[in-house]
Amino acid sequence: MRALGSGGTALPGLVVERLHPQATEQLGSRLSATALITGTNGKTTTAAMLARILRADGRTVVHNRSGSNLMRGVTASLVEAASPLGSLVHGCTAVLEADEAALPAIARAAPPTTTVFTNLMRDQLDRYGEIESIALRWGEALDDFPSSTTIALNADDPLIASLATHWDGSCLRFGIEDPDVPPAPSGEIVDAIWDPATQDDYRYSRRYFAQLGRWHTAAGAERPSPEISADEILQTDEATRFLLRLPTGSVSIELPALGLYSVYNALAAATAATALGVPPETIQRGLGAHEAAFGRQEEMVVDGRRVRVLLGKNPSGMNQALRTLQRPGERHHLLVLLNDGIADGTDVSWIWDVDWESQAEHCASLVVGGHRAADMALRLEYAGFPPPCGPVENDVGRALRAALDVLPQPEPLTILPTYTAMLDVRQRLGRMGAARLWDVA
Amino acid sequence: MSNSHDRRLDIAVLYPDLLNLYGDRGNARAMERRCAARGIDTTVTGVDIGDDWSPEQSDLVLIGGGQDREQRRVHADLQGRSAEIRDYVTDDGVVLAVCAGFQLFGHRYRGWDGEIMEGIGVFDAVATHPGPQIRRCVGNVVALWEGETIVGFENHGGRTYLNNGQQALADVVSGFGNNGGDGLEGARVKNAFGTYLHGAVLPKNPHLADRLISLALERRYGLEAGELEPLDDGAALRAHAEALHAALSASESPLGRRFA
Ligand SMILES: [Zn+2]
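The structure displayed is predicted, hence computed values, not measured ones.

1. Re the overall build of chain A
Right, on to step 1. Within chain A one finds 14 helices and 17 strands.
Right, on to step 2. Considering chain A as a whole, with its 441 residues, one finds that 62% of them fall into the buried category.
Right, on to step 3. Within chain A, contacts between residues at least 6 apart in sequence are counted, and of these 71% link residues at least 24 apart.
Right, on to step 4. Approximately 15,700 Å² of chain A is accessible, and the part contributed by carbon and sulfur atoms is 51%.

2. Remarks on the packing of aromatic side chains
Right, on to step 1. Tallying each qualifying case throughout the model produces 8 aromatic pairs over all chains.
Right, on to step 2. Centre to centre, the rings of F102 of chain B and F123 of chain B are 5.7 Å apart; their planes meet at 75 degrees, and the pair counts as edge-to-face. Here F102 of chain B is found in helix α4 (residues 100–104), whereas its partner F123 of chain B is found in the loop between β6 (116–118) and β7 (125–128), with 21 residues between them in sequence. Each member of the pair, F102 of chain B as well as F123 of chain B, carries the same accessibility label: buried.
Right, on to step 3. Taken together, the ring pairs connect F102, F123 and Y196 of chain B into an aromatic cluster.
Right, on to step 4. The ring of Y382 of chain A carries the charged tip of R33 of chain B above its face, separated from the ring centre by 4.6 Å.

3. Describing the interface of chain B and chain A
Right, on to step 1. Taken together, the contact pairs 37 residues of chain B with 38 residues of chain A.
Right, on to step 2. Three residues, R25, R69 and E242 of chain B, lead the burial of chain B against chain A; their summed loss comes to 20% of the area buried on that side.
Right, on to step 3. Summed over the shared surface of chain B and chain A, the result is 5 salt bridges.
Right, on to step 4. Our count for the contact surface shared by chain B and chain A stands at 12 residue pairs in polar contact (both at pLDDT 80 or more).
Right, on to step 5. Counting only elements with at least two residues in the side of chain B that touches chain A, the list comes to α1 (25–36), α2 (68–80), β8 (137–145), β9 (148–156) and α6 (234–249) of chain B.

4. Things to note about the nonpolar core
Right, on to step 1. Within the largest apolar cluster, 145 residues are counted, with the highest numbers of intra-cluster contacts made by L244, W356 and L416 of chain A together with L14 and F105 of chain B.
Right, on to step 2. Considering every element that reaches this core, the biggest residue donor is helix α9 (residues 260–275) of chain A, with 11 residues.
Right, on to step 3. Leave out the neighbours within four places in its chain, and L416 of chain A touches L310, M318, A321, L322, L325, L334, L335, V336, L337 and W356 of chain A.
Right, on to step 4. In terms of nonpolar packing, the next biggest core, distinct from the first, is built from 32 residues, V62, A141, A192 and Y202 of chain A among them.

5. Overview of the coordination of the zinc ion
Octahedral six-donor coordination of a metal ideally yields angles of 90 or 180 degrees, compared with 109.5 degrees for tetrahedral four-donor coordination.
Residue and element names in this part refer to chain B.
Right, on to step 1. At this site the zinc ion is bound by C99 (SG), N155 (O) and H198 (NE2), with donor distances of 2.1 to 2.7 Å.
Right, on to step 2. Sequence spacing of the donor residues for the zinc ion, all on one chain, is C-x55-N-x42-H. Of this pair, C99 sits in the loop between β4 (94–98) and α4 while H198 sits in the loop between β14 (192–195) and α5 (206–221); the two residues are 99 residues apart in sequence, bridging distant segments of the chain.

6. Here we look at the environment of V116 of chain A
Residues and elements named next belong to chain A.
Right, on to step 1. In this structure, V116 sits in strand β4 (residues 114–117).
Right, on to step 2. Taking the C-alpha atoms as reference points, V116 and G286, 170 residues apart in sequence, are found 18 Å from one another.
Right, on to step 3. Setting aside residues no more than four positions away along its own chain, V116 makes contact with L36, I37, T38, A152, F174, A268 and A272.

7. What to know about the packing of helix α3 (residues 43–56) of chain A against helix α10 (residues 280–288) of chain A
All names here are of chain A.
Right, on to step 1. Contact geometry for α3 and α10: axes closest at 8 Å, N-to-C directions at 125 degrees. In terms of their interaxial angle, α3 and α10 are classed as oblique. Of the two elements, α3 crosses α10, and the hand of that crossing is right-handed. Counted together, M49, R52, I53 and A56 of α3 and T282, I283, R285, G286 and L287 of α10 form the full contact between these two elements.
Right, on to step 2. Looking at the contact of α3 with α10, its residues break down into 5 nonpolar, 2 polar and 2 charged.

8. Concerning a nonpolar patch on the surface
Right, on to step 1. Taken together, L144, V173 and L248 of chain B make up a surface patch of nonpolar side chains, about 260 Å² in accessible area.
Right, on to step 2. Residue L144 of chain B is classed as partly exposed on the basis of its relative accessible area, which comes to 38%.

9. Looking at the sheet that holds β9 of chain B
All names here are of chain B.
Right, on to step 1. Spatially, 4 strands are ordered β9-β8-β11-β12 in an open sheet, and the strand pairing comes out antiparallel. The open sheet has two free edges, formed respectively by β9 and β12 (184–185), since each of these has just one partner strand.
Right, on to step 2. As paired strands, β8 and strand β11 (residues 170–174) are joined by 3 bridges and run antiparallel to one another. Bridge assignment links V142 to a residue of β11, and that residue is S174.

10. Some remarks on the pattern of salt bridges
Right, on to step 1. Within the structure shown, the criterion is met by 37 salt bridges over all chains.
Right, on to step 2. Here R372 of chain A makes a salt bridge to D375 of chain A, at a shortest N to O gap of 2.8 Å.
Right, on to step 3. Given a relative accessible area of 1%, D375 of chain A falls into the buried group.
Right, on to step 4. Measuring nitrogen to oxygen at the nearest pair gives 2.9 Å for the salt bridge that ties E115 of chain B to R72 of chain B. Of this pair, E115 of chain B sits in the loop between β5 (108–110) and β6 while R72 of chain B is found in helix α2, placing the two residues 43 residues apart along the sequence.
Right, on to step 5. Salt bridges sharing common partners tie together D340, R372 and D375 of chain A together with K204 and E242 of chain B.

11. Structural notes on helix α11 (residues 315–325) of chain A
Residues and elements named next belong to chain A.
Right, on to step 1. Burial within α11 is extensive, with 10 of its 11 residues counted as buried.
Right, on to step 2. Of all the positions in α11, only P315, S316, G317, M318, N319, Q320, A321, L322, T324 and L325 are classed as buried.
Right, on to step 3. Where the residues of α11 are buried, they touch β7 (203–209), α9, β12 (296–302), β13 (305–310), β14 (332–337) and β16 (413–417).

12. Here's the deal with the pairing of β8 of chain B
All names here are of chain B.
Right, on to step 1. With 8 of 9 residues buried, β8 lies mostly within the body of the structure.
Right, on to step 2. For β8 and β9, the ladder comprises 9 bridges, and the chain directions are antiparallel. Each residue of the ladder has a partner; that of L144, found in β9, is T149.
Right, on to step 3. Hairpin connection from β8 to β9: 2 residues lie between these consecutive antiparallel strands, with E146 at a positive phi of about 50 degrees.

13. Side note on the pairing of β14 of chain A
As a general feature of sheets, a regular strand has side chains that alternate between the two faces.
All names here are of chain A.
Right, on to step 1. The element β14 is extensively covered by neighbouring structure, given that 6 of its 6 residues are classed as buried.
Right, on to step 2. Of the two faces of β14, the one holding H332, L334 and V336 and the one holding H333, L335 and L337 are both buried throughout.
Right, on to step 3. Alignment of β14 against β16, held across 5 bridges, turns out to be parallel. When the sheet's bridge partners are listed, V336 is paired in β16 with L416.

14. A closer look at the environment of A373 of chain A
Right, on to step 1. Position of A373 of chain A among the secondary structure elements: in helix α12 (residues 373–382).
Right, on to step 2. On the accessibility criterion, A373 of chain A (0% relative accessible area) is buried.
Right, on to step 3. With 21 residues separating them along the chain, A373 of chain A and N394 of chain A place their C-alpha atoms 5.7 Å apart.
Right, on to step 4. With near-sequence residues (within four places) excluded, A373 of chain A lies in contact with L338, V368, V392, E393 and N394 of chain A together with E242 of chain B.

15. Considering helix α14 (residues 419–431) of chain A
All names here are of chain A.
Right, on to step 1. Compared with an ideal rise of 1.5 Å per residue, which puts 13 residues at 18 Å, α14 spans 19 Å between its outermost C-alpha atoms and is within 8% of the ideal.
Right, on to step 2. Taken together, the buried positions of α14 are occupied by Y419, A421, M422, V425, R426 and L429. One side of α14 carries all its buried residues, which in axial view fall inside an arc of 145 degrees.
Right, on to step 3. Immediately beyond the C-terminal end of α14, within one or two residues, lies G433, with a positive phi of roughly 90 degrees.

Basis of the calculations
- Residues numbered from 1 in each chain as written.
- Chains lettered and ligands numbered in written order.
- Predicted model: local features only at pLDDT ≥ 70, side-chain atom pairs only at ≥ 80, totals over all residues.
- Heavy atoms only, no water.
- Helix = DSSP H or I, 4+ residues; strand = E, 2+ residues; numbered from the N terminus.
- Buried < 20%, exposed > 50% of the residue type's maximum accessible area, 1.4 Å probe, protein only.
- Contact = heavy atoms within 4.5 Å.
- Areas by Shrake-Rupley, 256 points an atom, 1.4 Å probe, with all protein chains shown as cover.
- Phe/Tyr/Trp six-rings, centres within 6.5 Å; stacked < 30°, edge-to-face > 60°.
- Lys NZ or Arg CZ within 6 Å of the ring centre and 35° of its normal.
- Buried area = accessible area lost by both parts, 1.4 Å probe.
- Salt bridge = Lys/Arg side-chain N within 4 Å of Asp/Glu carboxyl O.
- Polar contact = N/O pair within 3.5 Å; in protein donor to acceptor, adjacent residues only side chain to side chain.
- Core = buried A, V, L, I, M, F, W, Y, C linked by side-chain atoms within 4.5 Å.
- Donors = N, O, S within 2.8 Å, 3.2 Å for Na, K, Ca; no water.
- Axes fitted to C-alpha atoms, helices over the stretch in contact; angles between N-to-C directions.
- Parallel < 35°, antiparallel > 145°, perpendicular 65-115°, else oblique.
- Left-handed = near helix turned anticlockwise from the far one by under 90°.
- Nonpolar A, V, L, I, M, F, W, Y, C, P; charged D, E, K, R; others polar.
- Patch = residues over 30% accessible without salt bridge, like charges linked within 9 Å, V, L, I, M, F, W, Y side chains within 5 Å.
- Pairing = 2+ DSSP bridges.
- Expected span 1.5 Å × (residues − 1).
- Arc of directions from axis to C-beta.

This is the structure in structure tokens:
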């Protein structure tokens, strides 16, 4: 069982960078293989899945932990893994999350064996600017990648798939091949609606969520056929089953995670693992042993009550979190926490771009909290939610207590927090003695 | 007095798929909801590039924010509607133009790469983006509008300058407003309102939302039709107060970034 600690892990990296600015390059050069994982949503979960697959393959893995995917966090992870003499264990594989904007710098410091690009969604425009400018910088960053790198691209995200035009080296694509996946609700906001290079609209024979789906353009660009794919996707209460097709064979996967976005994360991890030479049966074993990453689809028990935490830090992430909750006849006790810290994005307007309306009938009771709880309460009132229980609490701790107080036994509480609210509520749950339900190791 | 169910407002949202940044679609929701609470029927029509639409079919025209590339994409289509929209405004038609929409309702917008996008000249104003190296205007805003606060979130590279005689919408209390220099926010011509405020702005500024509804009802049904019964705005006013607090506790966003 892993301790429920705080999420901050970047400090040692900061110290080492000051003392020895070349530390990351020097440590990075001693790794036997490096997998970088970048994209807007799913980095942390994909990295956790890949690390587990690699461990199942008997490798020693260095992994930057959640919330520290900036350069500093990468340095910290490498320093932590280094022996007192500063030399990494030979044969060590690094799995590094790379913040969208930090990818070029991290790739220079730790030249990747493989790099996974998960998706590109609208996220905190106040921090990162427009998504096309990120795609552009990624394209430029690829120029500096070692030519031996295998890039792993999401075929279903047109902005990601088109990165292949910037790359002469080896490339593996992943995507969903199941014709029975339900299409996205029609009112959903789509961030990327046309090809930045040609101005052609993306058209879809089927769209799953955001801009992900079977896309094509009038100019003849189209979704590439993926080498790694998921078919026969079946959702149960606690797991997602699917058939994983790999160039090296097909295996059936029982993934202890929910929702289509979890399938994408598993595909991304399986693709990187394939690029690193892991056989299908080991990928199957690794994915089957997946544990929820910090604050993402975590389920725990506190005071005999079941609590699950589904992070939602941008419109498409929150839409996906909500969709995992929408099963016929099911109603949930919700604690929605909206913060406007720098790591959340100080702009809370994005909550108007989330399809809360579709969740309203699935809500049995509601408590809202966080720095911008009143904004959240107003948005949910518009969406037709039941009135929140108790006053709108800016304090996350008070909101958590209120939510637990009104929770009827034995029903679970579902917490939907933004990033810093997730860190806050998770720390409080840890102090209350929460134990994870899904811990395996 | 006529039965309230005889009244209806037809709302047009210009380019809803292209200009939809930062929750601006909440503005149409606010109009629908506040009308419905008073028994006023509404229709909401999205107007896309090339659609057959005349502003005279509408009682209220909404246009939202978008990035430079979306502005570039809609501005030619908007040009084709320029005379009709100006006539509509001259005829007291009600407009709320937010951010990119506000810029394109001025005379012109010079984008970050120097490209000029002609506007439709509803507002006597010009907007210019000082270039990708210059900080964006990002953060919570409080402004004074007719003696009351309005709140929202701004995120714009373009700076708008009002020509002499062009009335601003509001005075900035906290935030950048039109250009971060003259303390002015937005513009108003007759019943056309321009602003940089997202949020969405109307749900948490119910007094501004109701003004738009009143003006639209007056124009369609006569002066006394603009009287609106008050609503229970507890949630909206709490969100308003919270946004005030967020803006005033950090007078400037630490996050101005150099993106176009
Ligand atoms: Zn804006």
